[in-house]
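# Structural characterization, general
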Amino acid sequence: MSDRTWLVTGTSTGIGRALTATLLDRGDRVAATVRDPAALAPLAAHAGDRLRPVTLDVTDHAGIEQAVDETFSAFGRVDAVVSNAGYGLFGAAEEVSDEQIQRQLATNLLGPIRLARAVLPRFRAQGGGRFIQLSSVGGQTTLPHLSLYHASKWGVEGFFESLAAEAEPFGIQVTIVEPGTVPTDFAGRSGDVAPPLPAYADTPADRVRQVLEQGVLPAPGDPRKIARAIADLAALERAPRRLALGSDAFGLIQSALRARLAELEEQKDAALSADADAPAADTLSSN
């Protein structure tokens with residue numbers, strides 16, 4: 001049995017719910033954030049005081065500070081924070097509204113950034129901790145029809161990769177988790193879909209839309225196995241900077257990285273030619 005304390009956001013469904021159940025089964029304590037605490041009732045019935053439901057909408061900046069204060073005050077020490085709350089926004093860049101864009105970035109990007117900023121001083125004060133940020137295969141790859149979702153996940157990856165180097169001197173480890181597709185309600189009840197524009201009919205964005213609407217997108221990932229892999233991170237002496245989970249995540253990320261590297265190699269001569277010319281030898285000697 002384990003004996004760690006966790007703060008996990010977005011625990012009503014999907015990976016967050018599976019992770020909360022996994023941690024409780026291992027004997028850990030979990031502060032689990034949800035917008036509706038009733039969603040955790042089945043877990044609370046068996047976990048007792050090891051489960052602490054925390055009402056939170058991650059777009060609420062003050063609410064994040066309050067949730068972090070409440071968790072650290074209740075448990076004294078928090079070993080790991082998992083930033084999991086998020087959702088998908090579906091639609092070509094021209095189809096989504098300004099309001100949809102703002103909500104997507106507020107939830108998937110600004111929420112995790114604000115959570116990390118609230119947690120960092122407390123991790124420093126206690127001498128360390130683990131921050132685990134859920135990204136997705138969409139943080140390393142892209143599809144048309146998900147441009148704003150990808151913007152949020154690529155933004156998350158850049159922020160937390162930089163944060164990892166900033167936090168390391170304080171004993172704080174950061175891992176970005178990149179799950180592949182799992183059979184959750186990501187593209188269903190939890191998703192936000194923009195109305196299609198006729199101009200995009202029979203384009204790549206429209207074809208992705210149809211696949212999602214027909215429900216035929218393969219989803220090989222198992223949320224319970226993904227949850228166990230995330231839970232195991234806390235026991236590692238040195239956690240990885242990134243963790244891809246799922247056969248589709250591994251294959252798609254590998255292909256994307258190889259393609260980008262190949263394209264970069266083709267541009268080597270052009271890249272090097274953009275440097276300023278070296279000063280002439282006689283100019284250097286005269287100075």
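Residues numbered from 1 in each chain as written. Predicted model: local features only at pLDDT ≥ 70, side-chain atom pairs only at ≥ 80, totals over all residues. Heavy atoms only, no water.

## A closer look at the pairing of strand β3 (residues 51-55)
Summarising the sheet, strand β2 (residues 29-34) and β3 pair through five bridges and their orientation is parallel. Among the inter-strand pairings, A32 is bridged to a residue of β3, identified as P53. Traced from β2 through helix α2 (residues 41-47) to β3, the parallel crossover comes out right-handed. (Pairing = 2+ DSSP bridges. Helix = DSSP H or I, 4+ residues; strand = E, 2+ residues; numbered from the N terminus. Right-handed = clockwise from strand over helix to strand, strands pointing away.)

## What to know about the packing of helix α3 (residues 61-75) against helix α4 (residues 98-126)
Interaxial distance between α3 and α4 falls to 9 Å at its minimum, and their mutual angle equals 30 degrees. Between α3 and α4, the angle is such that the two are roughly parallel. For the pair α3 and α4, the crossing hand works out as right-handed. In contact with H61, I64, E65, V68, D69 and F72 of α3, α4 contributes G111, R114, L115, A118, V119, R122, F123 and Q126. Residues of the contact of α3 with α4, tallied by class, amount to seven nonpolar, three polar and four charged. (Axes fitted to C-alpha atoms, helices over the stretch in contact; angles between N-to-C directions. Parallel < 35°, antiparallel > 145°, perpendicular 65-115°, else oblique. Left-handed = near helix turned anticlockwise from the far one by under 90°. Contact = heavy atoms within 4.5 Å. Nonpolar A, V, L, I, M, F, W, Y, C, P; charged D, E, K, R; others polar.)

## Structural notes on the side chain of N84
Counting through the fold element by element, N84 comes out in the loop between β4 (80-83) and β5 (89-90). Beyond its immediate stretch of four places on either side in the chain, N84 contacts T9, G10, I15, G16 and L134.

Interpretation in functional terms is not warranted from these geometric data alone.
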